[in-house]
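# Structure assessment
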Amino acid sequence: MRQVEQFEKDGYLVLPNFASAEEIAALRSRIAELVDAFDPKSISVFSTTNQKKTSDQYFLDSTSSVGFFFEERAFAEDGSLKQSKELSLNKIGHALHDVDPVFRAFSRSPKVASVVRSLGYSKPLPVQSMYIFKQPHIGGEVVPHQDSTFLHTTPLTCTGLWWALEDATTENGCLWAQPGIHTAGLQRRFFTQGGHVTFDKPAPAYDLPAFLPLECPAGTLVLLHGENVHYSCANLSAVSRHSYSMHVVEGAGGVTWAPDNWAQRGPGNPWVPLYES
Ligand code: FE2
């Protein structure tokens, strides 16, 4: 079966050997530089006054910047970090693909564009990127979800590109996905309302035994259909599971970006397509 047909049937596709060892090293080394320069005290996300409002605003602003987000279990009761900042971050997002030269070069490389083109996009807009650490011992679980919940277009056009930058195993929190579930459609939305972010309904119950682990070596690209349901478990092992992800939506053909999506760009700062054809 052709790879695109497999992707359309399963709602995901695992492509080993996509990123070279040199590309992985460049991304990881750049992240190490960003973390080294990051002062945890520079962000007020964990200020005690009106914490939800402050943290929501930091999250919303990260759509066009490089924001730092901690693991929930990174902190001691007094609010201090229990381990070094390098081992405390959950993710960095959400515009590395735009504002960081190393991530921009990888995210917009011809081979990335070629994969996206094979999925039929005319004007793919990369609307979000994340470097995910899945730290040893404290890496949090990501509950079952659909990416189109967070990145809504009419009609739905989201695809996720997820790269393993370290070997991903069931021990360190690999992705799990259910083949074919994307055909059941979108279950719920996440949107902004009065400066806050919220869901329109509770998460549905999923049949977890029907999910398969997507264990894969570093360098693998996993394509995720926007309505695919996937999750990852907490990392209780001593080994991290770094990954990089980017999401694209269609920007042509009358497709509209929901005005209440969490991620919004102004006219002076539009999303830049990978290509236009
Ligand atoms: Fe996801």
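For the structure itself, look to the data block above.
Here we summarise the structure given alongside this text. These numbers come from a predicted model, not from an experiment.

Rules used throughout
- Residues numbered from 1 in each chain as written.
- Predicted model: local features only at pLDDT ≥ 70, side-chain atom pairs only at ≥ 80, totals over all residues.
- Heavy atoms only, no water.
- Donors = N, O, S within 2.8 Å, 3.2 Å for Na, K, Ca; no water.
- Helix = DSSP H or I, 4+ residues; strand = E, 2+ residues; numbered from the N terminus.
- Phe/Tyr/Trp six-rings, centres within 6.5 Å; stacked < 30°, edge-to-face > 60°.
- Buried < 20%, exposed > 50% of the residue type's maximum accessible area, 1.4 Å probe, protein only.
- Lys NZ or Arg CZ within 6 Å of the ring centre and 35° of its normal.
- Pairing = 2+ DSSP bridges.
- Expected span 1.5 Å × (residues − 1).
- Arc of directions from axis to C-beta.
- Contact = heavy atoms within 4.5 Å.
- Axes fitted to C-alpha atoms, helices over the stretch in contact; angles between N-to-C directions.
- Salt bridge = Lys/Arg side-chain N within 4 Å of Asp/Glu carboxyl O.

Time to look at the coordination of the iron ion. Every protein donor of the iron ion is accounted for by His-145 (NE2), Asp-147 (OD) and His-230 (NE2), and the metal-donor separations fall at 2.1 to 2.2 Å. Positions of the donor residues of the iron ion along the chain correspond to the pattern H-x1-D-x82-H. A residue pair is termed long-range when its members are at least 10 positions apart, and His-145 in strand 5 (residues 142–146) and His-230 in strand 13 (residues 229–232) qualify at 85 residues.

Attention now moves to the packing of aromatic side chains. Evaluation of the coordinates by the stated rule reveals 21 aromatic pairs. Measuring from ring centre to ring centre gives 6.2 Å for Phe-18 and Trp-163, while their planes differ by 45 degrees; the resulting arrangement is tilted. In this pair, Phe-18 is assigned in the loop between strand 1 (12–15) and helix 2 (21–37) and Trp-163 in strand 7 (residues 159–164), connecting sequence segments 145 residues apart. Residue Trp-163 is classed as buried on the basis of its relative accessible area of 0%. Note on Trp-257 and Trp-271: the rings are 5.0 Å apart at their centroids and 75 degrees apart in plane angle, and the pair reads as edge-to-face. Taken together, the positions of Trp-257 in strand 15 (residues 256–257) and Trp-271 in the segment after strand 15 put the pair 14 residues apart, joining distant regions of the chain. Through a chain of ring-to-ring contacts, three or more aromatic side chains come together here, namely Phe-18, Phe-103, Phe-106, Tyr-131, Phe-133, Trp-163 and Tyr-244. Directly above the aromatic system of Tyr-275 lies the positively charged group of Arg-117, at a separation of 4.0 Å from the ring centroid. A cation over a ring is seen here: Arg-188 above Phe-199, with NZ or CZ 3.7 Å from the ring centre.

The next subject is the sheet that holds strand 13. Pairing in this open sheet of 4 strands is antiparallel, and the strands run 5-13-8-11 from one edge to the other. What marks the edges here is a single partner per strand, and that holds for strand 5 and strand 11 (212–213). Bridge analysis of strand 8 (residues 175–177) against strand 11 gives 2 bridges, and the strand direction is antiparallel. From the neighbouring strand, Ala-177 faces strand 11, where its bridge partner is Leu-212.

Now for helix 2. Since there are 3.6 residues in each turn of an α-helix, residues three or four apart along the chain are aligned in direction. In a regular helix each residue adds 1.5 Å, so 17 residues correspond to 24 Å; helix 2 covers 24 Å between its end C-alpha atoms and thus fits that length. Buried within helix 2 we find Ile-24, Leu-27, Arg-30, Ile-31, Leu-34 and Val-35. Here the buried residues of helix 2 occupy an arc of 140 degrees about the axis, which is enough to place them on one side. What points out from helix 2, more than 90 degrees from its buried face, is the exposed set Ala-21, Glu-22, Asp-36 and Ala-37. The secondary structure elements touched by the buried residues of helix 2 are strand 2 (66–70), strand 3 (89–94), helix 4 (96–99), helix 5 (101–107), strand 4 (124–132) and strand 7.

On the basis of which strands lie adjacent, the open sheet formed by 7 strands has the order 1-12-7-14-4-3-2 and antiparallel pairing. Only two strands of the sheet have a single neighbouring strand rather than two, namely strand 1 and strand 2. If you compare each strand with its neighbour and ignore which way they point, the axes differ by 20 degrees on average. Sheet topology places strand 7 next to strand 14 (residues 243–250); 6 bridges connect them, and they run antiparallel. Considered in strand 14, the bridge of Gly-160 is made with His-247. Most of the contacts of helix 1 (residues 3–10) go to strand 1, to which it runs at about 135 degrees, and overall it touches strand 1, strand 7 and strand 12 (221–225).

Two side chains of opposite charge can pair, provided their charged atoms sit close to one another. Across all of its chains, the model carries 9 salt bridges by this definition. Where Lys-111 meets Glu-23, a salt bridge forms, and the shortest distance between an N and an O atom there is 2.8 Å. With Lys-111 in helix 6 (residues 110–118) and Glu-23 in helix 2, this residue pair connects regions lying 88 residues apart in the sequence. A salt bridge links Asp-98 to Arg-265, with the shortest nitrogen-to-oxygen separation between them at 2.7 Å. With Asp-98 in helix 4 and Arg-265 in the segment after strand 15, this pair connects stretches of sequence that are 167 residues apart. Judged by relative accessible area, Asp-98 falls into the buried class, the value being 15%. For Arg-265, a relative accessible area of 15% translates into the label buried. Each of Arg-30, Glu-33 and Asp-100 takes part in one network of salt bridges that share partners.

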